[in-house]
Amino acid sequence: MCTRQLVPLATGLVAALGAFAFVLQPVAQSRQGVDAEMLQQPPAESWPTYHGDYTGRRHSPLTEITPANVHQLTLAWAFQTGQAQPIKASPIFANGIVYLTMPDNAWAVDARTGRQVWKYSYPVNTGFHIGHRGAAVYKDFVYLTTPDAHLVALDAKDGKVRWNVVIADAKKGYWSSNAPLLVRNHLLVGVSGDFDNLPGMLKSIDPETGSTQWTFYSTPPPGTPGSPSGGATGGQMWMTGTYDPQLNLVYVGTGNPTPVLNGPVRPGDNPWTCSIVALDADTGTLAWGFQVSPHDTHDWDASEVPVLVDGAFEGTPRKLLLQASRNGYYFVLDRTTGKALLTTPFAAVNWASGIDKDGRPTPNPAKEPARDGRLVAPNESGGTNYRSPSFDPATGLLIVSAHDGYGTYFFKPEHGAYGWAGADHNVWGKGVLRAIEYQTGKIRWEHELGGEGAAGVLTTASGLTVTGDAAVNVLALRTSDGKTLWHSAIGRVGNGPIAYTLDGRQYIVVGGGGALYAFALPRGPS
Amino acid sequence: MTASLGLLRKLSLAGALVAASCAHTPAAPGTAPTSPQPPRGSSPAAEARPRTVATQTYSAQQAQAGEPLFAAHCGFCHGRDAMGGETGPDLTRSALVAEDVRGDKIGPVVHNGRPEKGMPPLNLSTGDVAAIVAFLHAQKTKAESNQGSRRSVEEGDLQTGDAEAGRRYFEGPGGCSKCHAPSGDLAGVADRLKGLELLQRMLYPSPRSGAGSPATATVTLKSGEIVKGRLAYRDEFTIAVRDGSGTYRSWPASEVTFTVDNPLDAHAAQLAKYTDEDVHNVLAYLQTLHK
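Residues numbered from 1 in each chain as written. Chains lettered and ligands numbered in written order. Predicted model: local features only at pLDDT ≥ 70, side-chain atom pairs only at ≥ 80, totals over all residues. Heavy atoms only, no water.

Q: An account of the pattern of salt bridges is needed here, citing residue identities and associated values.
A: All names here are of chain A. Counted according to the given criterion, the structure contains 31 salt bridges over all chains. Taking the shortest distance from any N to any O, the salt bridge between Arg-112 and Asp-503 comes out at 2.7 Å. A residue pair is termed long-range when its members are at least 10 positions apart, and Arg-112 in the loop between β5 (105-110) and β6 (116-121) and Asp-503 in the loop between β36 (498-502) and β37 (505-512) qualify at 391 residues. The exposure class of Arg-112 is partly exposed, given its relative accessible area of 38%. Taking the shortest distance from any N to any O, the salt bridge between Asp-269 and Arg-360 comes out at 3.2 Å. One end of the pair, Asp-269, is in the loop between β18 (257-258) and β19 (275-280); the other, Arg-360, is in the loop between β25 (352-355) and β26 (361-363), and 91 residues separate them in sequence. On the accessibility criterion, Asp-269 (33% relative accessible area) is partly exposed. A cluster of three or more residues bridged by salt bridges with shared partners is formed by Asp-244, Asp-310, Lys-319 and Arg-335. (Salt bridge = Lys/Arg side-chain N within 4 Å of Asp/Glu carboxyl O. Helix = DSSP H or I, 4+ residues; strand = E, 2+ residues; numbered from the N terminus. Buried < 20%, exposed > 50% of the residue type's maximum accessible area, 1.4 Å probe, protein only.)

Q: Describe the side chain of Ser-401 of chain A, naming the residues involved and giving the relevant values.
A: Within the secondary structure layout, Ser-401 of chain A lies in strand β29 (residues 397-410). In this structure Ser-401 of chain A touches Gly-383, Thr-384, Arg-387, Val-432, Leu-433, Ala-454, Ala-455 and Val-457 of chain A, once residues within four positions along its chain are discounted. (Contact = heavy atoms within 4.5 Å.)

Q: Tell me about the interface of chain B and chain A, and name the residues and values.
A: A common way to express how large an interface is: the accessible area buried when the components associate. With 49 residues of chain B at the contact, the number on the chain A side is 61 residues. Here chain B and chain A share an interface that buries about 4,500 Å² over both sides, 59% of which is from carbon and sulfur atoms. Along the contact surface separating chain B from chain A lie 3 salt bridges. One salt bridge in this structure joins Lys-367 of chain A and Asp-276 of chain B, with 2.7 Å as the shortest N-O distance. Linking chain B with chain A are 13 residue pairs in polar contact (both at pLDDT 80 or more), by the criterion used here. Sorting the residues of the side of chain B that touches chain A by element identifies α1 (3-23), α2 (60-73), α3 (75-78), α9 (195-203) and α11 (276-286) of chain B as the ones contributing at least two each. Broken down by element, the side of chain B that touches chain A gets its largest block of residues, 9 residues, from α1 of chain B. Here the residues of the side of chain B that touches chain A are counted per class, giving 27 nonpolar, 10 polar and 12 charged. (Buried area = accessible area lost by both parts, 1.4 Å probe. Polar contact = N/O pair within 3.5 Å; in protein donor to acceptor, adjacent residues only side chain to side chain. Nonpolar A, V, L, I, M, F, W, Y, C, P; charged D, E, K, R; others polar.)

Keep in mind these numbers describe shape, not what the thing actually does.
The structure is reproduced here in structure tokens:
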């Protein structure tokens, strides 16, 4: 069976597997569908979740499109959402359908033609419509989180609502843009909200009924005696996590503490904000936590994808977790224990005075927001952000949409202790795609993106990297050295492209502006 | 905070700059200004909002009806509270909103968009636009009553530098004097810009809205023709300039040779070199450059 876990060894084998997958595909589509078992080893031709699979590597095993033929890539179809806003979601592909989301909207699109199969529109609401990451699919359900922090389960056949549950109270300031993660019989849903001092929470929802199974709080829920977080709230888990089925641990990055820029009111490290947490998938119990930014005062959520890699580290095979974090540092952790193996910057940083014995950067108090302002790198956009990186196993490169930027940070007691509680202003920044050697953190190559802006990243087993620049281009690069091999000016690319195979033909699907584009190699007249 | 909110903060400053520059638009001679001038040179975030020109009353229901419409159609750029979002300005500080009377200014912008600024036209019914207008005026009133905004930076907060040390840095290690002169382009800068706005523009003077890039390019074509002009566009594959006549011309980057001179590159390069002390010293020095 051709699966994502399999790394093809030779072209002949790949061709054989491709033919095999082609034969099996209708079976996979009609009988297997997306269920907990399938998600453990998704077929190579599928992209059934936000990250494509549980590892968060955003790496497709498909090899039809190669560095040698990518220059022939042509438009197979385009789907216009008709919305004014850009696509920030990663589409997903399952059952011959591409599912796409924007705030309040979900579409099912025929993956062969780009034709709309159905559209769902959530009722008008006052929630925060900042963006949307994507849907989740399970059996015959499609799930959509909403700007007012509901979770809506739709019928995959026709987009009709099957149930709608409240995840968090939007009146308090919560919203959701989250692409839920299905693990076993749990649908993990995160929320956002740091204009207000709100506990950080992640909920496990029964995917069939919508009932809550457990809630994990990254900062204490209301009524908790004492304050293990040092008085901080926040630590929202608004990005989709990853999962190790053997350890049965879910890995999620947590957001910044609130009040955001007022550090003095919340002394100490403020666990578990700006952290990577490992949770038991069935109970939500914390197995371990690692704080990438102790006592953050710069809005550097550690929400970026915790990428799971089984690979050598200093000569020993290990279960690793890689994160290029918003604070500008790259981390390698042992994902069984949460111990740090490597901490090193991958983008412009000037805020830490060193690395402590546990592998955490030590914040320099002189770079905390101050009355007269401090010039800090990264700026609030971070050394990277929600745009997914990709890990290419063949080269051992984590390819990251990096950002070198500076901002000014202000805080004075008059700013208070609620919500933002301070001021910060961007000064300058630019996007650079960086290929990080996973064992050393060294930058093997970088590719200038031409200004402010960047996109998510896809790598494929044929040695291609697909992403977007700061202008209007989707780019295909050679993974080994970052050289540009193909581009198309489809509009600003948002989150990561995906790849799938249908009818034996490989597609690369990517959002440009408010439209979705599917590229493939040309087919002869038929 | 969400990713995009990361951008929100910085862009809300950009938004404030847009609003500020609108507010600074001088009135034609002999006519009364349509909006009172804000205190000159105050920082954008601390700047007074332009005052609504005509008192208008809307029912609470109208404004309430506009809130979800605004959130759905406008919030992704302007923020759900209209106070600035990821790519759009704070509308409670907008001169256009201040001058609007029952949608006469806002309505056309909603219907036609502002394609040059990335705002798409929105196909909304007259009733929906009216509700959004009511919501915007209500938000503006609300913002005006919310004094002491949690994000303000006052001019007085920034007075920790040493002007003499700043002058030495300006003329020496900062390299500022390679491009700038206190008796030339910076003469009177302390009168034109103050506080946060002066600080931000000292660190990196982003082109004002609509001003375009200050970069120039010299493009040599295969024919040998040399075209010089303002850089209009550049990515890996294409370079474009507005030539001396103002005409837009573009070429495949691989078919020409070119050089780009961006005077702002020196500002970007300096960011990694400044200490916070340098920053405040240079600011103090600039604050002495009165006319």
